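Residue strings, one per chain:
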Amino acid sequence: MRPSLFPVLFSGAWTPLSLGASLIAWWDAEATGTVTESGGAVSDWATVKGGSTVSQATAGFKPVYSATSFNSRPGITFDGIDDYLTVENIDSLPSGALGCEMWAACDQTVLAAVATQRGIAVYGGASTFLRRGIFRATDAVTNHFRTEGGDGAAATGASEEGTVDFSGRHVVRGTFTPTTVTAVIDGVSATPAALVPGTGTTRTRIGSNTGNTPGGFFGGVINTVLVTGPLSDAQAIQMRKYLNARAGLA
């Protein structure tokens with residue numbers, strides 16, 4: 001049986017719901033009733049907060065739910081070949097130059113030698129100029145965490161953290177301000193990249209990029225994905241502690 005949503009909502013301990021209006025969307029594999037699966041194959045993953053569901057109708061493209069796949073906790077496994085979940089037009093997600101943060105607790109399994117960038121969670125338009133997201137990247141020797149956004153017209157900005165090996169379980173955070181995009185993995189921040197975002201909201205995917213032909217498939221287990229407004233340092237510390245506990249990180 002999956003863990004109850006009741007403790008998440010009413011335990012009194014800090015959870016992302018403690019962020020109030022700053023929590024925009026939260027997909028949580030540990031929340032009962034948010035994952036619709038048959039024999040483990042996931043067809044729908046609804047938000048705890050945000051009123052949106054990412055879905056997959058094609059049997060071969062469905063990721064797999066397990067109650068114990070992420071640090072002996074619930075997780076959804078994406079095969080890195082063709083698995084993804086998608087929904088069109090979540091209006092509540094920040095667009096244009098509005099700031100936001102994207103967080104995930106995940107177990108990244110794609111080998112560093114595999115060159116293609118892989119999408120953990122991405123939203124916006126089909127063009128790279130219209131999207132923002134968090135990704136696995138590589139220099140062919142070491143896996144990196146990357147945050148990337150577009151300016152809405154002709155350019156992208158990307159921040160990539162290259163000192164922490166993005167293999168195995170990690171807590172990742174991508175921040176988007178009106179002037180920069182920054183990648184943070186396990187609390188280690190990359191150099192911000194200059195960007196005046198101009199992103200849209202026409203498509204959201206977990207486990208893939210937002211192209212009209214899906215690609216850049218994530219390989220590994222995702223426990224949770226969150227989109228928030230810009231967080232204070234204190235809020236970010238609470239979020240990282242909460243997600244670190246799930247991932248079994250110090």
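So, how was this worked out
Residues numbered from 1 in each chain as written. Predicted model: local features only at pLDDT ≥ 70, side-chain atom pairs only at ≥ 80, totals over all residues. Heavy atoms only, no water. Helix = DSSP H or I, 4+ residues; strand = E, 2+ residues; numbered from the N terminus. Rg over C-alpha atoms; globule rule 2.2 N^0.38 Å. Buried < 20%, exposed > 50% of the residue type's maximum accessible area, 1.4 Å probe, protein only. Contact = heavy atoms within 4.5 Å. Areas by Shrake-Rupley, 256 points an atom, 1.4 Å probe, with all protein chains shown as cover. Lys, Arg positive; Asp, Glu negative; His and termini not counted. Charge placed at Lys NZ, Arg CZ, Asp CG, Glu CD. Pairing = 2+ DSSP bridges. Polar contact = N/O pair within 3.5 Å; in protein donor to acceptor, adjacent residues only side chain to side chain. Core = buried A, V, L, I, M, F, W, Y, C linked by side-chain atoms within 4.5 Å. Salt bridge = Lys/Arg side-chain N within 4 Å of Asp/Glu carboxyl O. Phe/Tyr/Trp six-rings, centres within 6.5 Å; stacked < 30°, edge-to-face > 60°. Lys NZ or Arg CZ within 6 Å of the ring centre and 35° of its normal.

Participant: Describe the overall build of the protein, and please don't skip the residues or the numbers.
Facilitator: Along the backbone of the protein there are two helices and 18 strands. For 250 residues, the compact-globule estimate of 2.2 N^0.38 gives 18 Å, and the C-alpha radius of gyration of the protein, at 16 Å, lies within 12% of that figure. Dimensions of the protein, computed from C-alpha atoms along their principal axes, come out at roughly 45 × 40 × 35 Å. Every one of the 250 residues in the protein was classed for burial, and the buried ones make up 52%. Summarising the internal contacts of the protein: among those between residues at least 6 apart in sequence, 63% fall at separations of at least 24. Surface exposure of the protein reaches about 9500 Å², of which carbon and sulfur atoms provide 57%. Side chains of the protein give 16 positive and 19 negative charges; the mean places of these two sets differ by 3 Å.

Participant: Which residues make up the pairing of strand β1 (residues 23-28), and what are the values?
Facilitator: Buried residues dominate β1, accounting for six of its six residues. Sheet topology places β1 next to strand β3 (residues 41-49); two bridges connect them, and they run antiparallel. Looking across to β3, one finds that Trp-27 is bridged to Thr-47.

Participant: So what's going on with the environment of Thr-109? Residues and values would help.
Facilitator: Tracing the chain through its elements places Thr-109 in the loop between β8 (100-108) and β9 (118-124). Taking the C-alpha atoms as reference points, Thr-109 and Thr-34, separated by 75 residues in sequence, lie 24 Å from one another. In this structure, Thr-109 is in contact with Gly-219 and Gly-220, ignoring residues within four places of it in sequence. Here Gly-220 takes part through its backbone nitrogen, which lies 3.4 Å from a polar atom of the side chain of Thr-109.

Participant: Now, about the nonpolar core: what can you tell me, with residues and values included?
Facilitator: Core analysis: the largest hydrophobic core is formed by 39 residues, its most contacted members being Trp-45, Ile-120 and Ile-222. Looking at which element gives the most residues to this core, the answer is β8, with four residues. In this structure, Leu-23, Val-221, Leu-226 and Ala-236 belong to the second largest nonpolar core, which totals 15 residues.

Participant: Help me get a handle on the pattern of salt bridges, residues and values and all.
Facilitator: A complete count under the given rule lists eight salt bridges for this structure. Asp-28 is paired through a salt bridge with Arg-246; the nearest N and O atoms lie 2.7 Å apart. Here Arg-246 lies in helix α2 (residues 233-247) and Asp-28 lies in strand β1, a separation of 218 residues in the sequence. Of the two residues, Asp-28 and Arg-246, both sit in the buried class. With a closest N to O distance of 3.7 Å, Arg-246 and Glu-30 form a salt bridge.

Participant: Report on the environment of Thr-86, specifying residues and quantitative values.
Facilitator: As for its position among the elements, Thr-86 is in strand β7 (residues 85-88). Between the alpha carbons of Thr-86 and Asp-233 there is a distance of 31 Å; along the sequence they are 147 residues apart. Thr-86 has contacts with Thr-53, Val-54, Ser-55, Arg-203, Thr-204 and Arg-205, leaving out every residue within four places of it along the chain.

Participant: Can you explain the packing of aromatic side chains? Please cite residues and give values.
Facilitator: Any pair of aromatic rings gets described here by the distance separating the centres and the angle formed by the planes. Applying the stated criterion across every chain yields a total of five aromatic pairs. Relative to Tyr-242, the ring of Trp-26 lies with its centre 6.5 Å away and its plane at 75°, an arrangement referred to as edge-to-face. Here Trp-26 is found in strand β1, whereas its partner Tyr-242 is found in helix α2, with 216 residues between them in sequence. Each member of the pair, Trp-26 as well as Tyr-242, is classed as buried. Joined through ring pairs, the aromatic side chains of Trp-14, Trp-26 and Tyr-242 make up one cluster. Here the basic side chain of Arg-132 rests over the ring of Phe-176, its NZ or CZ set 5.2 Å away from the ring centre.

Participant: I'd like a description of unusual backbone geometry, backed by residues and values.
Facilitator: With phi around 50°, Asn-71 is a residue other than glycine that occupies positive phi space. Assignment of secondary structure puts Asn-71 in the loop between β5 (64-70) and β6 (73-79). Classification of Asn-71 by relative accessible area gives partly exposed; the value is 27%. One non-glycine residue, Ser-72, lies in the positive phi region at around 65°.

Participant: Describe the environment of Gly-39, with residues and values.
Facilitator: Take Gly-39: it is sitting in the loop between β2 (35-38) and β3. Put simply, Gly-39 and Pro-94 are 55 residues apart on the chain and 35 Å apart in space, counted from C-alpha to C-alpha.

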